[in-house]
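# Examining the three-dimensional arrangement
Here are the chains, one letter per residue:
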Amino acid sequence: AQSVAQPEDQVNVAEGNPLTVKCTYSVSGNPYLFWYVQYPNRGLQFLLKYITGDNLVKGSYGFEAEFNKSQTSFHLKKPSALVSDSALYFCAVSPDSSASKIIFGSGTRLSIRP
Amino acid sequence: SQTIHQWPATLVQPVGSPLSLECTVEGTSNPNLYWYRQAAGRGLQLLFYSVGIGQISSEVPQNLSASRPQDRQFILSSKKLLLSDSGFYLCAWKGRVTGELFFGEGSRLTVL
């Protein structure tokens, strides 16, 4: 069965420092992997996705994610955090683009202190 | 470009009353459509998804139902709300080629 794990409920980082939000997955085949961000009382916004190709994927707002097949991980990263990055982040996985269901992780709350 | 609309944005309903949340998508055809519920600002629970008109798959048995009367319209309903139905309801559509979901702005339901 497909699953996604975000092992950290909360990540705290000082502004200007690099940040990492962790995600591991379990799915057969070659998965499609996604990151979304949610600000308070808003819908989820798509950040980036990995389908195939370069393991380092660049997305919106300066975020990037690294796909590691051997570790089945897809960690979200940013070299220098901003206070405005504070939000709830979700990792998601789909077995392919045509799959009906996308499975979401439980979310990680990112807090950036000034 | 594609857009997704959800309404109402906020709803306060008494226990036992009916519910209707509506979602429409513009700028795309034959999308997959989804209803999620988010409790307490955390994880997403998939409630229903639809791959076409009149085709509804239910993920969680409960007192909610969904319908898709038109290609780009998805409705979440209940005949009698429970306190536990309170939450943030999110509609989303998925393009068949790109694979990612695009979410509406959500509907916050409070059942009293």
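Read on for an overview of the structure. Residue numbering note: each chain is counted from 1, following its sequence as written. Key to labels: chains lettered from A, ligands numbered from 1, both in the order written. Two thresholds apply to this predicted model, a pLDDT of at least 70 for residue-level local features and 80 or more for giving and counting side-chain atom pairs, whereas whole-chain, interface and lining totals are computed over all residues. Excluding hydrogens and water, the side-chain values take into account all heavy atoms of the structure.

### Describing the nonpolar core
- Core analysis: the biggest nonpolar cluster contains 27 residues, and A:L19, A:W35, A:L47, A:L48, A:F74, A:L76 and A:Y89 have the highest contact counts within it.
- Numbered from the N terminus, helices here are DSSP runs of H or I no shorter than four residues, and strands are runs of E no shorter than two. Among the secondary structure elements, those contributing two or more residues to this core are strand 2 (10–14), strand 3 (19–21), strand 5 (32–38), strand 6 (44–50), strand 8 (64–68), strand 9 (73–78), strand 10 (87–94) and strand 12 (108–113) of chain A.
- Of all the elements, strand 10 of chain A adds the most residues to this core, at four residues.
- By the convention used here, residues are in contact when the closest approach between their heavy atoms is within 4.5 Å. The contacts of A:F74, once residues within four sequence positions are left out, are A:C23, A:L33, A:F34, A:W35, A:L48, A:K49, A:Y50, A:A65, A:E66 and A:F67.
- In this structure, B:L76, B:L81, B:Y89 and B:W93 belong to the second largest nonpolar core, which totals 20 residues. By nonpolar core is meant a set of buried Ala, Val, Leu, Ile, Met, Phe, Trp, Tyr and Cys residues that side-chain atoms within 4.5 Å join together. We call a residue buried when its accessible area falls under 20% of the maximum for its residue type, exposed when it is over 50%, and partly exposed in between, using a 1.4 Å probe and counting protein chains only.

### What about the interface of chain A and chain B?
- Between chain A and chain B, the contact holds 25 residues from the first and 26 residues from the second.
- Two parts placed together each lose some accessible area under a 1.4 Å probe, and the buried area is that loss summed for both. Counting the surface lost from both chain A and chain B, the interface buries some 1900 Å², and carbon and sulfur atoms represent 48% of this.
- A side-chain nitrogen of Lys or Arg and a carboxyl oxygen of Asp or Glu constitute a salt bridge if their distance falls within 4 Å. Applying the counting criterion to the chain A and chain B interface returns three salt bridges.
- Residue B:E100 pairs with A:K49 through a salt bridge whose shortest N-O separation is 2.8 Å.
- Nitrogen and oxygen atoms within 3.5 Å of one another constitute a polar contact, given that in protein one can donate a hydrogen and the other can accept it, and given that sequence-neighbouring residues count only through two side-chain atoms. Summed over the shared surface of chain A and chain B, the number is seven residue pairs in polar contact (both at pLDDT 80 or more).
- Elements that contribute at least two residues to the side of chain A that touches chain B include exactly strand 5, strand 6, strand 10 and strand 12 of chain A.
- All residues other than Ala, Val, Leu, Ile, Met, Phe, Trp, Tyr, Cys, Pro, Asp, Glu, Lys and Arg, Gly among them, are scored as polar; the first ten of these are nonpolar and the last four charged. A class-by-class count of the residues in the side of chain A that touches chain B yields 11 nonpolar, nine polar and five charged.

### With respect to the sheet that holds strand 1 (residues 3–7) of chain B
Residue and element names in this part refer to chain B.
- If you trace the four strands from one edge of the open sheet to the other, you get 1-3-8-7, paired in antiparallel fashion. Every interior strand has two partners, whereas the edge strands, strand 1 and strand 7 (64–70), have only one. This sheet shows a mean twist of 15° between the axes of neighbouring strands, independent of strand direction.
- Think of it this way: DSSP has to see at least two bridges between two strands before they count as a pair. Examined bridge by bridge, strand 1 and strand 3 (residues 19–26) share five bridges and lie antiparallel to one another. Residue pairing in the sheet places W7 in a bridge with E22 of strand 3. Simply put, an axis is a line fit to the C-alpha atoms, just over the touching stretch for a helix, and the angle between two N-to-C directions goes from 0 to 180 degrees.

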